[in-house]
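Results of the structural survey
The residues making up each chain are set out below.
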Amino acid sequence: MSFAEFLHQVGGMGRFQIIHTMLLTIPIVLMASHNLLQNFTAAIPGHHCQVHIDANNTRYPNATLRLDSQDLLRVAIPMDRNRQPEKCRRFVTAQWQLLDPNVTEPNGTQLDTEPCTEGWTYDRSMFTSTIITEWDLVCNLRKFRQMAQSIYMAGVLLGALVLGGLSDRFGRKAMLIWSFLQLAVMGTCTAFSPSYISYCIFRFLGGMALSGFGLSIACLIVEWIPTEFRTITIAITGFVYTLGQILLAGLAYGIPDWRWLQLTVSLPFFFFLIYSWWFAESARWLVLAGKADRAVKVLQRVARVNGKREEGEKITTEILKSKMQKELSTVKSSYTISDLVRTPAIRRIFCCLSIVWFSTSFSYYGLAMDLQNFGVSIYLIQLIFGAVDFPAKVVVTISMSYIGRRVTLSAFLLLAGLVIIANTFVPRELQIVRTSMAVIGKGCLSAAFNCVFLFTTELYPTPIRQTGLGFGSTMARVGGIVAPLAKMLDEYFSFLPPVVYGAAPIISGIVATFLPETLNQPLPDTVEEVESRSRMKRGEDTKEKIPLQNQEKVLLKETC
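It should be emphasised that the depicted structure is a prediction, and the values quoted were computed from it without experimental measurement.

Side note on the overall build of the protein chain
Helix and strand counts for the protein chain come out as 25 helices and 4 strands. A total of 560 residues make up the protein chain; the buried ones form 53% of that total. Look at the contacts in the protein chain between residues 6 or more apart in sequence, and 80% of them connect residues 24 or more apart. Accessible surface, the protein chain as shown: approximately 25100 Å² in total, 63% of it carbon and sulfur.

As structure tokens, this is what we get:
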């Protein structure tokens, strides 16, 4: 008897599974808010050098001009190539002759300019406060904006490595509770950061926690759900994440101050922490961790909630151990990340999934974290980017259920890459077409994320499932860290970033075809089970080839 049969004995997809899954998916709404938060908290408003009028009005004698008047900007701030006020320099002395409409800026005005030594004036019509305006992260300091996002992603990366492994060792529930506490505290501290350095530190620690609770939630959901309901359940969690993207657009529009916005998406985790004590530890993990007594109690509790008390009472420690003797006999006392590459089948899965996770995240964040460059309202594009995920995830859910995980994942990755590359050939004047194609590409990448998330949990066995999912998440965060750096390639050729963003999913789409299919298969509980499935598959392929080879030999003999 496998664990899946025990799961059906205590009610299958019963009341407990529905409540458990619902409470686990609520925090996912705010996961998108934290991942994409810097689109708004680090938005760059329009700005130019602060125009200073000294006490004697010697620098700018005409002190009757208003500080924000176009005339004052014209005599104090040089114009860039697009005839907009220069963001990082100002005239050393006022160029009053420029008020004459017949006079244009002389070619040598660059010699008469200086850096913004007294700060900047910001357009606060859209954002009353961001970390950019708070710490003047513009001009020579503009690189610190991307650095803050990379530091956050580095925290997510470390969290996937550390908390993913700890979850396989100490349990999913314990790490989930700790992650909720850490994210609630660090997110709140971020909102009160007195400096840029403290902001980055708190964001880094918050990123670690976000990765930890995301991985724990994934395993707790999958390990309590019967095989036939896994696809739709993971799809629902994907829809919840999409809802979070749409919610973020509304929150950011209603809360233009970055500190209040940060606080708004962080405080709810204190509430999640309170009710997280109700969650049930994964009985599947408890059995394989040698804690059969606790597993029996948890299964009996689930049976009571599902109205199967009598069936639950039939399960004892002895029955559980005897029925799962095969799984327990192949379980090691401890597992490490090295187990991901120790055996051939797991090693192939590990290598393929690492490439898929990296490239999907690399292209996804390359598009999703560059909203201000689409030429439309940042709130509108965030809303559109979120809304496109709904049809994309409906299609991917149907496709995974009937066609299979492998073909679905490969198809969406290939389509995403081709659309992103094709967008480079669309003229910049056709802004609507370019934005629409970017939205389609982003929708395909979101669908691929949904698929690889489920695929990863189904491919890895229980003892290393969290570790494998954690390393996949790690590769995704590496992609998220590298994505902003690829944007720097446009300094050489403007078409390079989209080509790179498009080539990555195409390559991973090809790599995904080497993964084994998991449609309608129970979750593997041991490494040996995964290896056995791989050997059986190779055996079937061999049996199909041998008769053909024999037939060819017979035909050759007959012709001779």
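A closer look at the nonpolar core
Of all hydrophobic cores here, the largest spans 98 residues; its most connected members are Phe 180, Phe 213 and Leu 409. With 13 residues, helix α18 (residues 344–368) is the largest single contributor of residues to this core. The next biggest cluster of nonpolar side chains, apart from the first, holds 19 residues, and it includes Trp 285, Ala 292, Val 296 and Leu 320.

Topic: empty space enclosed by the protein
Left-over empty space is what a probe sized like a water molecule reveals as it rolls over the atoms. Tallied over the entire structure, the rule returns 4 cavities of 30 Å³ or more. Its boundaries defined by the atoms lining it, the largest cavity holds a volume of some 510 Å³. As for the largest cavity, its lining consists of 26 residues, of which Met 31, Tyr 241, Phe 449, Phe 453 and Arg 477 are closest to the centre. At the level of secondary structure, the elements contributing two or more residues to the lining of the largest cavity comprise α3 (28–35), α9 (196–223), α10 (230–254), α18, α20 (389–402), α22 (431–459) and α23 (462–486). If you tally residues by element for the lining of the largest cavity, the top one is α9, at 7 residues. Residues that form the lining of the largest cavity fall into these classes: 14 nonpolar, 9 polar and 3 charged.

Let's talk about unusual backbone geometry
Leaving glycine out, the prevailing phi sign among residues is negative, and the prevailing peptide bond configuration is trans. In this structure, Asp 136 takes a positive phi of about 50 degrees despite not being glycine. Tracing the backbone through its elements, the reader meets Asp 136 in the loop between α6 (131–135) and α7 (143–170). On the basis of relative accessible area, Asp 136 is assigned to the partly exposed category, the value being 25%.

Observations concerning a nonpolar patch on the surface
There is a patch of nonpolar side chains on the surface, built from Trp 178, Leu 181, Val 185, Leu 267 and Phe 270 and spanning about 410 Å² of accessible area. Tracing the backbone through its elements, the reader meets Leu 267 in the loop between α11 (258–264) and α12 (268–275). Take Leu 267: its relative accessible area is 40%, and that puts it in the partly exposed class.

Section: helix α21 (residues 405–422)
The first and last C-alpha atoms of α21 sit 26 Å apart over 18 residues, in line with the 26 Å expected at 1.5 Å per residue. The complete set of buried residues in α21 reads Arg 405, Thr 408, Leu 409, Ser 410, Phe 412, Leu 413, Ala 416, Gly 417, Val 419 and Ile 420. Buried residues along α21 sit in contact with α10, α18, α20, α22 and α24 (496–511).

Points about the pattern of salt bridges
This structure, assessed with the given rule, holds 3 salt bridges. Between Glu 134 and Arg 259 there is a salt bridge, with its nearest N and O atoms 2.9 Å apart. You can see Glu 134 sitting in helix α6 and its partner Arg 259 sitting in helix α11, a full 125 residues away along the chain. Where Arg 405 meets Glu 458, a salt bridge forms, and the shortest distance between an N and an O atom there is 2.8 Å. In this pair, Arg 405 sits in helix α21 while Glu 458 sits in helix α22, placing the two residues 53 residues apart along the sequence. Each member of the pair, Arg 405 as well as Glu 458, is classed as buried.

Points about the side chain of Asp 389
Mapped onto the elements of the fold, Asp 389 is located in helix α20. Of the residues examined, Asp 389 reaches a relative accessible area of 0% and is grouped as buried. Among the polar contacts made by the side chain of Asp 389, one reaches the side chain of Lys 442 at a distance of 3.1 Å. The residues contacting Asp 389, other than those within four sequence positions of it, are Phe 239, Thr 242, Gln 245, Lys 442, Gly 443 and Ser 446.

What to know about the packing of aromatic side chains
Counted by the stated rule, this structure contains 27 aromatic pairs. One aromatic cluster is present, built from ring pairs that chain together Phe 180, Phe 213, Phe 269, Phe 271, Phe 272, Tyr 275 and Phe 279. Above the plane of the ring of Tyr 152 lies Arg 203, whose end atom (NZ or CZ) is 4.0 Å from the centre.

Thoughts on the confidence of the model for the protein chain
When pLDDT is averaged along the protein chain, the result is 78, and 80% of the positions lie at 70 or above. Summarising per-element confidence for the protein chain, the mean pLDDT is lowest in helix α25 (residues 527–559) (55) and highest in α11 (92). In this model residues 107–111 is a low-confidence stretch, pLDDT under 50, and it forms 2 contacts with partners more than four residues away in sequence or in other chains. Taken together, the stretch residues 541–560 has pLDDT below 50 and engages in 0 contacts with residues farther than four places along the chain or on a different chain.

Basis of the calculations
Residues numbered from 1 in each chain as written. Predicted model: local features only at pLDDT ≥ 70, side-chain atom pairs only at ≥ 80, totals over all residues. Heavy atoms only, no water. Helix = DSSP H or I, 4+ residues; strand = E, 2+ residues; numbered from the N terminus. Buried < 20%, exposed > 50% of the residue type's maximum accessible area, 1.4 Å probe, protein only. Contact = heavy atoms within 4.5 Å. Areas by Shrake-Rupley, 256 points an atom, 1.4 Å probe, with all protein chains shown as cover. Core = buried A, V, L, I, M, F, W, Y, C linked by side-chain atoms within 4.5 Å. 1 Å grid on protein atoms, 1.4 Å probe; cavity = no way out; pocket = protein on both sides within 12 Å on 5 of 7 lines; lining within 4 Å. Points joined across faces, edges and corners; volume = space filled by probe spheres on them. Nonpolar A, V, L, I, M, F, W, Y, C, P; charged D, E, K, R; others polar. Patch = residues over 30% accessible without salt bridge, like charges linked within 9 Å, V, L, I, M, F, W, Y side chains within 5 Å. Salt bridge = Lys/Arg side-chain N within 4 Å of Asp/Glu carboxyl O. Expected span 1.5 Å × (residues − 1). Polar contact = N/O pair within 3.5 Å; in protein donor to acceptor, adjacent residues only side chain to side chain. Phe/Tyr/Trp six-rings, centres within 6.5 Å; stacked < 30°, edge-to-face > 60°. Lys NZ or Arg CZ within 6 Å of the ring centre and 35° of its normal. pLDDT = per-residue confidence, 0-100.

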